[in-house]
Structures are given as C-alpha cells and as structure tokens.
Amino acid sequence: MRLTILGGGGFRVPLVYGALLRDRAPGRVTEVVLYDVDAARLHAIGRVLAERAYGIDDAPRVRTTTDLDEALRGADFVFSAIRVGGLEGRAADERIALDEGVLGQETVGAGGIAYGLRTVPVAVEIARRVKALAPDAWVINFTNPAGLVTEAMAEHLGDHVVGICDSPVGLARRVARAVGVDPAAVRLDYAGLNHLGWLHGMYDGEENVLPRLFEDDALLTSFEEGKLFGADWLRTLGSVPNEYLHYYYFNREAVAAYQRAEKTRGAFLREQQAGFYASTDSVPEASVWAAWDRTRAEREATYMSANRKASGGGERHADDMESGGYENVALALMRAIARDEPATLVLNVRNGTSLRALDDKAVIEIPCRIDAAGPRPLPVSQLTGHEAGLVSTVKAVERCVLEAAESGSARAAVKAFALHPLVDSVHVARRLLDGYRGAHPGLGYLRAD
C-alpha cells in the first residue's frame, strides 16, 4: 500500500513515519512518497526517516519528489499537511493582526482567515489532481485551517477526504486520565468545528464520567483545559471546551499576552525550524533523529505558552507533550478503511443530519465509526444555544473564505474578516485584508468587486 505525504518536508512527518514503523500487520504501508516544493527540506526529512528506519528490514520504502503529479500517481492514501507561505507566512499573519489589536493565531480569527485565503486555492487544485490521477485514493487532511480546507476539498472529492486533528485526542486523553478511566475504552460525546468544539460527555460503559470532574476542584484543575479555563468557568459551561476556545472566552487576555510576548509563535517556530533544517547536513547520520526529537520536544513544551501565561496555568505537564496524536489517528483511519478494521475516531467530516445548527455539507468535528466504507458520524448531543450561535457564525465566516477563494472577490474576503467574532470593526477588516495582500503575493487573486 502506498501513502503519499504532501508537505513531505514538513517537521512533523517523522511522527507519521514512526507510526507506520510500529504497524506490523499484513496489508500495511510499504511505500511512502514525500512531496514538497522545497527540495532541501525533503532531503533533511529524508535523512531523519533513514536513521529512524535503520536496521528495520521491512521498513516502508521512502521516495521523495517535487513533482505533484508524480507523487499522486498510484497513491492509495494521500496525507495532506501543506503550509502555503511557510512559517514566514504564519509569522506575518500573526504580526499584522496584532498590529491591529486582534488575534493573529494561525487557525483562529484574522490569522486563520488569512491562512485560509491563501491555502484554499492550492488545496482545491490538489483535490482536482487527486481526482484525476488517483480517483480511488482517500485524502487525509491535516492542513490548517483543517475544517475549512477539508470542506473546500470535499466539493471535489466528496466523502473521500477526511480531516483530522490531534486536539480532541489530547483533550479526551487528559480528561480520561483525570477521572481514572482508560482513554482507549471511553465513548465521547463531542461536537463542533475544528478548533471550536466541546466535550459534553465521556462514557465508560453506560456511565457518563464527566460529572466526576465537575464535583472535584482538584480534578477539574489537574489538566491543561482546567488550568486554562478555570474550574468556575467549566462548571458554568457544563462541558469541557477544546483548548482553542480560550481565544474566544478570554480573548482580551490572550491578545494582550501575545502582544507582550518577545516573539509570536510563528516567528519562534520559523527560527527554530530554520535552525534545524540548516544544521541537518552537519549532524552525523546517527544523530539526526535525536536532533529532530530535541527540536520537537521544545516545540511541544512551548505550545500555547502565551495562553498558559495569561491564565496562570504554568508549564505543560509531561503527559501533554507525548506523541500519539494526529499520526496515530491517521494510521487508525487508514487501517480501518484499507483492512476493514473498524475504529471510532473524532474526525472532520460532512455534517449530514448530525448537527441541526448547520447544513448537510458543512464539515464538522465529531466522533465517527470507520470501516471499509469510510467514516459515519455517530449520534451526539446537539449544541447548546451559545455553542450553536458561535459555530454558525464561524461557519458563515468559512463560507465567505470559500466564496472569496472561488470568485476572487475582495468583498467576500473583507466580509469574512468583518463577520468573525474576534474582529471588532469593518474598518479593521479592510485594513487586515490590505495588510495581508501586501505581505502575501499569493493573495493577488483577490480583486476589487
């Protein structure tokens, strides 16, 4: 079985390859094709994978290419993890937004809209090439903003594109450990959009164990979301939000923390990863994996650090920095489809009739049962009033981004910025678009209406 990884020179690719090496079952992936527009990054990641596979006789063969069509031909699965504009683009997204006094995070608010505007046209072209060259392939999308990009690709690939994210995996694992149940054995009542969802229940057999959490302050503040949101606010909500909702519930504090930070998250990662890629040729062959892993550990330790400072949440717990997130979701998804090994995972898929607040084509984040026929959403609680309102608003923003990407309408792009709950003025929305067009030549397709 052949897996093609788009964005194959990306820093997190070794996590995916490590998961493939742990898969010893018949019918596993035997060939990995890495595609990237940057040949130097491909070479660096290729060295990391070669060391990781050293001594493993039946390790999946790795091939690299900068030709998209070559990468797609013959693929059974396509894992898409591209970053249009690179980390330089992310750093610009963050800084332009913060200069206007609004959040610039890469998937939330103004930064997420800017990222979507330059990513959707590229993702749509990839979807068209997959349909032409590998029509039976399944696309697993991790490209951010994951829900928006998955919805754009689904217009061309239908249900053969599935979005994944590691945030719900981490949330469920932390809550399960806090209440003393096996994370692998629980059933989740979770729903929303990517980076905008809520855990309404966690069932160990027939028992909803989530109430145990709300009865005990020590438990409720023992894990990352409890520290971020605080016990009182979680009890007020009656659910546990995805960590990214900190940007909404504590927006003023988050923006202030980002403005006070020495550098934005994107700028930090840009410098950190540039240093790693530049140094790989000078690192001995037997040490390149260790160099990559040290860089990964630093990346994980500093994740959402500004938010933790704003909330007084302190340093990340060691359990929150372990691997086993999106790469294991991707592997479980591939195994379920290719081998008909049923699995239950939280995925980004079309809504159908699952959430009454949204139409059937809206891509949502929800637990699904997956087998050879693909994923099927499982029943969940309906969104509460404020959840449905926030989700409907953000979905309307995503639809404006899709309209702008398809039509080239600058007016639709301004509308996307202006309608977002974290952008507080139409004038700010217009200045944001001007700033992003100036920073990103790829947004030149947006024209005045």
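Bear in mind that the values here come from a model prediction, so they are computed numbers and not experimental data. (Residues numbered from 1 in each chain as written. Predicted model: local features only at pLDDT ≥ 70, side-chain atom pairs only at ≥ 80, totals over all residues. Heavy atoms only, no water.)

Moving on to the overall build of the protein. Scanning the protein for helices and strands turns up 20 helices and 13 strands. Its C-alpha radius of gyration of 21 Å places the protein within 12% of the 22 Å reference for a compact globule of 449 residues. The dimensions of the protein, computed from C-alpha atoms along their principal axes, are 55 × 55 × 45 Å. Across the 449 residues in the protein, those meeting the buried criterion constitute 58%. Here the contacts in the protein between residues at least 6 apart in sequence split such that 70% fall between residues at least 24 apart. (Helix = DSSP H or I, 4+ residues; strand = E, 2+ residues; numbered from the N terminus. Rg over C-alpha atoms; globule rule 2.2 N^0.38 Å. Buried < 20%, exposed > 50% of the residue type's maximum accessible area, 1.4 Å probe, protein only. Contact = heavy atoms within 4.5 Å.)

F79, I164, M202 and L347 are the most contacted members of the largest nonpolar core, which totals 101 residues. When residues of this core are assigned to their parent elements, the largest contribution, eight residues, is made by helix α17 (residues 326-339). Aside from chain neighbours lying at most four places away, what touches L347 is V162, G163, I164, V329, L333, I364, E365, I366, C368, I370 and P375. V102, A405, A412 and A429 belong to the second-largest nonpolar core, a separate cluster that totals 31 residues. (Core = buried A, V, L, I, M, F, W, Y, C linked by side-chain atoms within 4.5 Å.)

All right, on to the packing of helix α18 (residues 385-407) against helix α19 (residues 410-419) then. Put simply, α18 and α19 touch, their axes get as near as 8 Å, and they point 165° apart. Taken together, the axes of α18 and α19 are roughly antiparallel relative to one another. With respect to the hand of their crossing, α18 and α19 are arranged in left-handed fashion. Contacts between α18 and α19 involve T393, V397, C400, V401, E403 and A404 on the former and, on the latter, A412, A413, K415, A416 and L419. Taken together, the residues of the contact of α18 with α19 break down into eight nonpolar, one polar and two charged. (Axes fitted to C-alpha atoms, helices over the stretch in contact; angles between N-to-C directions. Parallel < 35°, antiparallel > 145°, perpendicular 65-115°, else oblique. Left-handed = near helix turned anticlockwise from the far one by under 90°. Nonpolar A, V, L, I, M, F, W, Y, C, P; charged D, E, K, R; others polar.)

Quick look at the packing of aromatic side chains now. Throughout the structure, instances matching the rule amount to 12 aromatic pairs. Arranged with centres 5.7 Å apart and planes meeting at 35°, the rings of F11 and W292 form a pair that is tilted. Of this pair, F11 sits in the loop between β1 (2-6) and α1 (13-22) while W292 sits in helix α15 (residues 288-301); the two residues are 281 residues apart in sequence, bridging distant segments of the chain. Note on F11: relative accessible area 5%, which makes it buried. You can call W292 buried: its relative accessible area is 1%. A ring pair is formed by F79 and Y326, whose centres lie 5.8 Å apart and whose planes are at 35°; its orientation type is tilted. Here F79 is found in strand β4 (residues 77-80), whereas its partner Y326 is found in helix α17, with 247 residues between them in sequence. (Phe/Tyr/Trp six-rings, centres within 6.5 Å; stacked < 30°, edge-to-face > 60°.)

This paragraph deals with the side chain of N351. For N351, the location among the structural elements is in the loop between β11 (343-350) and β12 (363-371). According to the relative accessible area criterion, N351 is buried, its value standing at 1%. For N351, the side chain forms a polar contact with the main-chain oxygen of D359, separated by 3.0 Å. Residue contacts for N351: discarding those within four places in its chain leaves L358, D359, D360, A362 and I364. (Polar contact = N/O pair within 3.5 Å; in protein donor to acceptor, adjacent residues only side chain to side chain.)

In an α-helix, one turn spans 3.6 residues; hence positions three or four apart end up facing the same way. Within α19, the full set of buried residues consists of A410, A412, A413, V414, A416 and F417. N-capping of α19 is provided by S409, with a side-chain oxygen placed 3.3 Å from the backbone N of R411.

So, about the pattern of salt bridges. Using the criterion set out here, one finds 35 salt bridges in the structure. Between D23 and R339 there is a salt bridge whose closest N-O contact spans 2.4 Å. Of this pair, D23 sits in the loop between α1 and β2 (31-35) while R339 sits in helix α17, and the two are 316 residues apart along the sequence. Across the pair R129 and D69 runs a salt bridge, and its minimum N-O distance is 3.0 Å. Of this pair, R129 sits in helix α5 (residues 110-133) while D69 sits in helix α3 (residues 68-72); the two residues are 60 residues apart in sequence, bridging distant segments of the chain. With a relative accessible area of 21%, D69 lands in the partly exposed category. Taken together, the shared-partner salt bridges connect R2, E31, R61, R63 and E70 into one network. (Salt bridge = Lys/Arg side-chain N within 4 Å of Asp/Glu carboxyl O.)

This model, assessed by the stated rule, comprises zero disulfides. Residue C165 stays outside any disulfide, its sulfur separated by 14 Å from that of C368, the closest cysteine. For C165, a relative accessible area of 4% corresponds to the buried category. (Disulfide = S-S within 2.5 Å.)

Here we come to the pairing of β12. By the criterion of burial, β12 is predominantly enclosed, with eight of the nine residues buried. Relative to β12, β11 is paired through eight bridges, and the arrangement is antiparallel. Its bridge partner being in β12, L345 is matched across the sheet by C368. The pairing of β12 with strand β13 (residues 374-377) spans four bridges and is classified as antiparallel. (Pairing = 2+ DSSP bridges.)

In this chain, N144 is followed by P145 through a cis amide linkage whose omega measures -10°. As for its position among the elements, P145 is in the loop between β5 (138-141) and α6 (146-157). The backbone of H195 shows a phi angle near 60°, a positive value even though the residue is not glycine. As for its position among the elements, H195 is in the loop between β7 (187-193) and β8 (196-204). In this structure, D340 takes a positive phi of about 55° despite not being glycine. Position of D340 among the secondary structure elements: in the loop between α17 and β11.

With that out of the way, let us pick up the packing of helix α2 (residues 39-52) against α15. As a packed pair, α2 and α15 sit with axes 8 Å apart at the nearest point and diverge in direction by 110°. As judged from the angle between their axes, α2 and α15 are roughly perpendicular. For the element pair α2 and α15, the recorded crossing hand is left-handed. Residue-level inspection shows R47, V48, E51 and R52 of α2 in contact with α15, the latter providing V288, W289 and W292. Looking at the contact of α2 with α15, its residues break down into four nonpolar, no polar and three charged.

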